Amino acid sequence: MNVSLGWLGAMLGQELDAADVARRLAMLGAPVEGIEELHRDLDDLVIGLVERVEPHPNADRLSRCWVNDGTDVREVVCGAPNVRAGAKYPYAPVGATLPGGIKLSARKIRGVVSHGMLCSPRELGLGADHEGILELVIDAPPGTRFVDAVPLGDTRLELEITANRPDLLGHRGVARELGAALGQPVKLPAIPGAPTDGPASRRVDTRGSVGGIEVSIEDREGCPRYMAAVVRGITVGPSPAWLEARLLGIGARPINNVVDATNYILFELNQPLHAFDLARIRGGKIIVRRAEAGEVLETLDGEARRLSPIMTMICDAQGATAVGGVMGGAISEVSDATTDVLLECAYFDPKRIRATRQALRMSTDASYRFERGTDPDAMPEVLRRAVALIRAVAGGTEPEGAIDVYPSPARPRSIFLRPSRVGHVLGVDLSSDEIQRLLVSLGFAVAPKDDRLHVQIPSWRPDVTREVDLIEEIARLRGYDSFPLELRPFRSSSVPDDPGEVRKRRIRELLTGAGLHEARLSPLTRVDHEAAASLANPLSADEGQLRMSLLPGLVAAVERNWSARVRDVRLFEIGTVFHRERRDALPTERQRVAGVVTGARTPAHWSAAGKTDDFDRWDLRALFGAVAEFARVDGSLRATQRGWEWLASHGDVCGEARVMDADRPAWAADVLGFEIDLDIAERPYVQSVALPTTPAIERDLALVLPGALSAERVEETIRESAGALLERCYIFDEYRGKELGGRSVAWRLVFRSPGRTLREEDADAVVDRVVVELKERFDVVRR
Amino acid sequence: MPTSPLDELVAGVAEAMEEIAAADETRLAELRTEWLGRKAGRLTRLLRGLTDFAPDERRGIGARANQLKRELETALSARDAALRTSGAPAPDVDWTMPGREWWRGAVHPVTAVIDEICDVFRELGFTRVTGPEAETEEYNFTKLNISLNHPAADEHDTFYLQGGPPMGSGRALLLRTHTSPMQARTMERFTPPIRIVVPGLVYRRDAFDPSHAPAFEQIEGLAVDDGVTFVEFKAAIDFFVKRFFTADTAVRFRPSFFPFTEPSAEVDVQCQLCRGSGCTTCKQTGFLEIMGAGMVHPAVFEHCGIDAERYTGYAFGMGAARIAMLRHGIPDIRLLYQADMRFLDQFRGGR
């Protein structure tokens, strides 16, 4: 919210320093997002005294003026009808820069050289008025800087107001906070020309009349209090300069004196008001009631709004004229011809306003405030000031006092506060006196009762509802800085670490060590699968579901890297995948790791003339196996038709690796991908085995394998038939040649006996046995 | 008198010794092979052929040959060491040529920040847990004292899931907008002392732009026990900031509003770029906002079955992605979530 430093200063009766105010407000919980010194663009203007005026010889509407600028008298051509000798105006001399960046030079106008310019409010950014130049009724001598002579200089502060503090949406609320910190009372600034007295308002239970209009509340929940005043004989027109300046100071646009007056009250006292053209209220009635289903109203913005019974309507005898607390209707809008107005000042229920503006999908200055909670107790005072302001700026009289329909007046709210609880929460024991002093300065009324304090809450603080809210007020006003930093001994957490987090860290170490970069991708994507969890309100169809797998995102990332002409891509991600088992229940979440590699297996090196091999499927198989060993507690890798999968011991497939489909440019290489579920079960510790003390014997066994026979099956048979002496065996070569009628695969067999030194014959005997078995089982022979 | 094979060798060794003293690497290797080569080295052959000599000669020749061998070995290794340490130019090696690199992967900068933050809080006794990303309105809002009827709920631009109870019913399904639901989940399952940090993804209905992402990482913290106070809360956060940033980083606590903490605070740290003098990153304030925090609101305790009269606690939440951006000067949050190799590669050195 924008606030004017000048306005705040007027309420606190002292000049305020912007930086100091910003610091204090920040430490009170209303940080200042921006500070703007206004009218810096008027620095070049001075007060000019017009000494003589003559008609322009060549133009009817122009005049020649001799302007005293304090040092000299300059001739200026002026087109304003209101220019007259002896008056003072803002004068922009030659060389001055006007708002908007125009730099003035001496210029010939219809044959007469004009040295500078006398300015209208609009030319200075001070209002919409461009009918004439701005006549200044001031004592300052000619040549005085305009911004020093006219009280325009103001600073606008942009405040961030939290949702719990509606009272800070008006200048008075902000001034109260500052006043509490500065020890200054808040006083509303006098309105120039305002009448000092007026008739008192009259409270009634459910209905009463003012200015011939009968006002009644039917929807007491939606509108607990409704006040109306009638001002007759006004003249709608532009506001005086001081009022426009106030509004411009906070960035609001002046419209006309009636609207400007209600806006002034809104920004000053945080009470939205609505002005009806009295003549356009049909049937002499205002009824506050719930909307009927299907009812339609055209609001001030020209939209036809469909209404529903959650909404509170302001109606006349013939139907709705305004959506209460949200927006007025076009029917009863104040126009230039309006002479009598009915001024509404009401309290609307925050929850109902919230529901209403959500249903209407609109938010206004009024609904924003009502939704957060206005001050119902302040209404009579607010309305009195609003009427005085309208009479001051638009003329008119208030023949009878306002009507105040208030079926069940709210009792003041109060809370008990235990001073001991303050210390219990804050860690510093504060005296009852200090607590009282702090609360009282914020407008709370405090009375000791037993060992507690009875605290009455000011009506403008709907956010304070329980003891802890008062404790926060105390801490806030005393200043968070005033509390010391004291680390105290702590007891260990009863919550154990998530073992999955440890597992993830180790997988990251493995994969970064293998040269893959960790990616983090958005889980929101497009998934065409019936078990996908879909968003009800996605940002786009491409982000409409939660991912069920990590690999598609990584492949898309590879493609993006290719678009940037990056050929070598190595990425992995650890993240959540979602699977919806039932449509009306939360999806199941699983933690997974996935990776993709494509391109060079190692960085190019000059020693190999820049050549490197690309990653191939055998790199993938090994990488997948290594990750699975880290990620899973048990299971085994199994070859499939297209690649590999990880088979958990309970039989579920929980991971796969394969060559991925990708939109691959000709210069890019295969994308090899894997993905596997993380098993968070704790793995048993490795149990070490004794190192061998006897030598090993190696034998190589090259076998010719017929087409369909897998190496895995052969190796299983080798292991089985070799028995306990075979320590390990592994494939070290493969050769494919037509003359073989298949392929030759060579194993190296390593034999060892833990107890004795094997003889060559022992190994040969085992190999012979293996060969016989293989021949028998698969008709496989040695090459 | 016939010269013994040994005499010839002695002369040869003497010559070789002179040559060794001045040899370069290549010549040194040749000399080693000529004399001590495993197959055809002159001394090796002599020693291997000892059996050809008469037994009485054998011992003397053997001893002498072995002595020569030792002398040669000593000279060879001395020269070898000299060549290495003196940095005598090896004619064919250009030491400025690049080494044989291997691919080095990098942990994501956000992961690094999360791990570091969790490690700092571990010093204060916090364990590390995680929780579900899809949640209910109850855990995301109502248990945390965020009324769906209050404007405070508007600050969470929430993604809802299709299916399930209607929006606003308290049981509607959604993607968590903060990691705070884990406060409630943890308090329901465990009794104090509770000290946890919870890193994880959270979701906001914001399209990608330089400062917004629909999913980003947060870290939640919660400490609940007897006698946990505002004073201890401030100290713990101050400890964290000084450990994570630098020991001389100033910390500022400002009053704020979060429905689930009271008193609530925004925590600012001294801008790491300008050290507090004001710059564009900190919008001339000298401070950067890094977390929302405060004392756990008693209503949250009540909703989670914890005795609000007896226990007190504090909670905090911070954006790991934001901290990573500040730390590394990353101008656009989208860089974190695009998996661009050129970006990720910058972090391969760690930190």
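Residues numbered from 1 in each chain as written. Chains lettered and ligands numbered in written order. Predicted model: local features only at pLDDT ≥ 70, side-chain atom pairs only at ≥ 80, totals over all residues. Heavy atoms only, no water.

Sorry, what's going on with helix H15 (residues 617-631) of chain A here?
Since one α-helical turn is 3.6 residues long, residues separated by three or four positions face the same way. Residues and elements named next belong to chain A. Taking 1.5 Å as the rise per residue, H15 with 15 residues should run 21 Å; its terminal C-alpha atoms sit 20 Å apart, in good agreement. Along H15, the residues that are buried comprise Leu620, Leu623, Phe624, Gly625, Val627, Ala628 and Ala631. Each element contacted by the buried residues of H15 is listed here: helix H13 (499-513), strand E31 (588-598), strand E32 (636-639), strand E33 (643-647), strand E34 (653-660) and strand E35 (671-677). The opening residue of H15 is aspartate 616, an N-cap whose side-chain oxygen sits 2.9 Å from the backbone nitrogen of tryptophan 618. (Helix = DSSP H or I, 4+ residues; strand = E, 2+ residues; numbered from the N terminus. Expected span 1.5 Å × (residues − 1). Buried < 20%, exposed > 50% of the residue type's maximum accessible area, 1.4 Å probe, protein only. Contact = heavy atoms within 4.5 Å. Polar contact = N/O pair within 3.5 Å; in protein donor to acceptor, adjacent residues only side chain to side chain.)

Sorry if this is basic, but what is going on with the sheet that holds strand E1 (residues 2-4) of chain A here?
Backbone hydrogen bonds are what pair the strands of a sheet, in a parallel or an antiparallel way. Residue and element names in this part refer to chain A. A sheet is described by the order of its strands in space; here three strands give the open sequence E1-E10-E2, paired in antiparallel fashion. Here the strands that pair on one side only, and so sit at the sheet edges, are E1 and strand E2 (32-37). Shown here is a sheet whose adjacent strand axes are inclined to one another by a mean of 25 degrees, direction ignored. Summarising the sheet, E1 and strand E10 (residues 155-159) pair through three bridges and their orientation is antiparallel. Paired with asparagine 2 across the bridge in E10 is glutamate 158. (Pairing = 2+ DSSP bridges. Axes fitted to C-alpha atoms, helices over the stretch in contact; angles between N-to-C directions.)

Sorry, what's going on with the packing of aromatic side chains here?
Under the defined criterion, the tally for this structure stands at 19 aromatic pairs over all chains. Taken together, a centroid distance of 5.3 Å and an interplanar angle of 85 degrees make the contact between phenylalanine 483 of chain A and phenylalanine 230 of chain B edge-to-face. Of this pair, phenylalanine 483 of chain A sits in the loop between helix H12 (467-478) and H13 while phenylalanine 230 of chain B sits in helix H8 (residues 230-244), placing the two residues on different chains. Phenylalanine 230 of chain B shares its class with phenylalanine 483 of chain A; the two are buried. When the ring of phenylalanine 258 of chain B is compared with that of phenylalanine 260 of chain B, the centres are 6.4 Å apart and the planes differ by 45 degrees; the resulting orientation is tilted. Grouping aromatic residues by their ring pairs yields a cluster made of Tyr480 and Phe483 of chain A together with Phe121, Phe126, Phe230, Phe233, Phe240, Phe244, Phe245, Phe253, Tyr314 and Phe316 of chain B. Taking the ring centre of tryptophan 460 of chain A as reference, the NZ or CZ of arginine 176 of chain A above it sits at 3.5 Å. Across from the ring centre of phenylalanine 732 of chain A, 4.4 Å away, lies the NZ or CZ of arginine 748 of chain A, which sits over that ring. (Phe/Tyr/Trp six-rings, centres within 6.5 Å; stacked < 30°, edge-to-face > 60°. Lys NZ or Arg CZ within 6 Å of the ring centre and 35° of its normal.)

Would you mind going over the domain arrangement of chain B with me for this structure?
Think of interface size as the accessible area that goes away when the parts come together; that is how it is often given. Assigned domains within chain B: domain 1 (5-87) and domain 2 (109-347). Relative to domain 2 of chain B, the C-alpha centre of domain 1 of chain B lies at a distance of 75 Å. (Domains from an automatic or database assignment.)

Help me understand the packing of helix H10 (residues 419-426) of chain A against H12 of chain A, please; the structure alone is not making it clear to me.
Working note: a packed helix pair is described by the angle between its axes plus the distance between those axes. All names here are of chain A. The contact between H10 and H12 brings their axes to 10 Å, and the two run at 70 degrees. One finds that H10 runs roughly perpendicular with respect to H12. The element H10 and its partner H12 pack so that their crossing is right-handed. Residue-level contacts link Arg421, Val422, Val425 and Leu426 of H10 to Glu467, Ile471, Ile474 and Ala475 of H12. (Parallel < 35°, antiparallel > 145°, perpendicular 65-115°, else oblique. Left-handed = near helix turned anticlockwise from the far one by under 90°.)

Looking at this structure, I do not really get a negative patch on the surface. What am I missing?
On the surface, Glu33, Glu158 and Glu160 of chain A together with Glu155 of chain B cluster together into a negatively charged patch. Looking at the secondary structure, you find glutamate 33 of chain A in strand E2. (Patch = residues over 30% accessible without salt bridge, like charges linked within 9 Å, V, L, I, M, F, W, Y side chains within 5 Å. Areas by Shrake-Rupley, 256 points an atom, 1.4 Å probe, with all protein chains shown as cover. Salt bridge = Lys/Arg side-chain N within 4 Å of Asp/Glu carboxyl O. Lys, Arg positive; Asp, Glu negative; His and termini not counted. Charge placed at Lys NZ, Arg CZ, Asp CG, Glu CD.)

So what exactly am I meant to see when it comes to the environment of threonine 235 of chain A here?
Residue and element names in this part refer to chain A. Mapped onto the secondary structure, threonine 235 falls in the loop between strand E14 (225-231) and helix H5 (241-249). Residue classification places threonine 235 among the exposed positions, given a relative accessible area of 55%. The spatial distance from the C-alpha of threonine 235 to the C-alpha of alanine 96 is 38 Å, given a sequence separation of 139 residues. When sequence neighbours within four positions are dropped, the list of residues in contact with threonine 235 reads Asn257 and Ala394.

Please clarify how the interface of chain A and chain B should be interpreted in this entry.
Opposite the 94 residues of chain A that make contact, chain B presents 107 residues. When the buried surface of chain A facing chain B is broken down by residue, Tyr480, His517 and Arg520 of chain A rank first, second and third, together holding 9% of it. Linking chain A with chain B are ten salt bridges, by the criterion used here. The residue arginine 491 of chain A makes a salt bridge to aspartate 226 of chain B at a minimum N-O spacing of 3.9 Å. Counting across the chain A and chain B interface gives 54 residue pairs in polar contact (both at pLDDT 80 or more). (Buried area = accessible area lost by both parts, 1.4 Å probe.)

What's the story with the side chain of histidine 297 of chain B in this structure? I'm lost.
Tracing the sequence through the fold places histidine 297 of chain B in the loop between strand E8 (287-296) and helix H9 (298-303). Of note is the side chain of histidine 297 of chain B, whose polar atom sits 3.0 Å from the backbone nitrogen of alanine 299 of chain B. Apart from the residues lying within four places of it in its own chain, the contact partners of histidine 297 of chain B are Arg466, Val468 and Asp469 of chain A together with Asn145, Pro259, Phe260, Thr261 and Glu262 of chain B.

What is the right way to look at the sheet that holds strand E23 (residues 403-405) of chain A in this model?
All names here are of chain A. Strand order in the open sheet formed by five strands is E11-E23-E14-E22-E15, and the pairing between neighbours is mixed. Of all strands in the sheet, those bounded by a partner on one side alone are strand E11 (202-204) and strand E15 (273-277). In this sheet, adjacent strand axes meet at a mean angle of 20 degrees when their direction is disregarded. Bridging between E11 and E23 involves three bridges; their strand directions are parallel. Across the sheet, the residue bridging to valine 204 is valine 405, located in E23. Contacts between helix H9 (residues 379-394) and the sheet are confined to E14, E15, strand E22 (341-347) and E23, with E14 contributing the most and set at about 20 degrees to the helix.

Please clarify how unusual backbone geometry should be interpreted in this entry.
Generally, phi is negative for residues other than glycine and the peptide bonds are trans, each holding for most cases. The amide bond that connects proline 192 of chain B to the next residue, proline 193 of chain B, takes the cis arrangement and shows omega of 5 degrees. Along the chain, the position of proline 193 of chain B falls in the loop between helix H7 (181-189) and strand E4 (194-203). At the junction of glutamate 262 of chain B and proline 263 of chain B, the peptide bond is cis and its omega measures out at -5 degrees in the coordinates. Along the chain, the position of proline 263 of chain B falls in strand E7 (residues 261-270). In this structure, asparagine 270 of chain A is a non-glycine residue whose phi angle is positive, near 60 degrees. Positive phi outside glycine occurs at arginine 275 of chain B, with the angle close to 55 degrees. The topology assignment puts arginine 275 of chain B in the loop between E7 and E8.

In this structure, what is going on with the pattern of salt bridges? I would like to understand it.
Where charged atoms from two side chains of opposite charge come close, those side chains can pair. All names here are of chain A. Scanning the entire structure with this criterion turns up 92 salt bridges over all chains. Taking the shortest distance from any N to any O, the salt bridge between arginine 461 and aspartate 463 comes out at 2.9 Å. A residue is classified by how much of its surface remains accessible, and arginine 461, at 1% relative accessible area, is buried. In this structure, the salt-bridge partner of glutamate 727 is arginine 752, at a minimum N-O distance of 2.6 Å. Here glutamate 727 is found in strand E37 (residues 726-737), whereas its partner arginine 752 is found in the loop between strand E38 (742-751) and helix H17 (760-778), with 25 residues between them in sequence. Taking relative accessible area as the criterion, arginine 752 reaches 17% and is therefore assigned buried. When salt bridges that share partners are traced, they join Arg165, Asp167, Glu177, Arg461, Asp463, Glu473 and Arg476 into one network.

Explain the nonpolar core to me, please; I cannot follow it from the model alone.
Counting 97 residues, the largest nonpolar core has Leu417 and Leu571 of chain A together with Phe240 and Phe316 of chain B as the members making the most contacts within it. Residue contributions to this core peak at nine residues, all from H8 of chain B. The contacts of phenylalanine 316 of chain B, once residues within four sequence positions are left out, are Phe121, Phe126, Val197, Ile219, Glu220, Gly221, Ile237, Met291, Gly292 and Ala293 of chain B. Within the second largest apolar cluster, 56 residues are counted, among which are Trp7, Ala229, Val231 and Val236 of chain A. (Core = buried A, V, L, I, M, F, W, Y, C linked by side-chain atoms within 4.5 Å.)

Explain empty space enclosed by the protein to me, please; I cannot follow it from the model alone.
It is the rolling of a water-molecule-sized probe over the atoms that shows where space remains empty. All names here are of chain A. What the rule picks out here adds up to four cavities of 30 Å³ or more. Estimated volume of the largest cavity: approximately 120 Å³. Lining the largest cavity we find 13 residues, and of these Asp167, Leu269, Asn270, Asp375 and Trp460 sit closest to its centre. Along the lines of polarity and charge, the residues of the lining of the largest cavity split into five nonpolar, four polar and four charged. Taken together, domain 1 (2-38 + 155-182) and domain 3 (202-405) each give at least three residues to the lining of the largest cavity, which thus spans both. (1 Å grid on protein atoms, 1.4 Å probe; cavity = no way out; pocket = protein on both sides within 12 Å on 5 of 7 lines; lining within 4 Å. Points joined across faces, edges and corners; volume = space filled by probe spheres on them. Nonpolar A, V, L, I, M, F, W, Y, C, P; charged D, E, K, R; others polar.)

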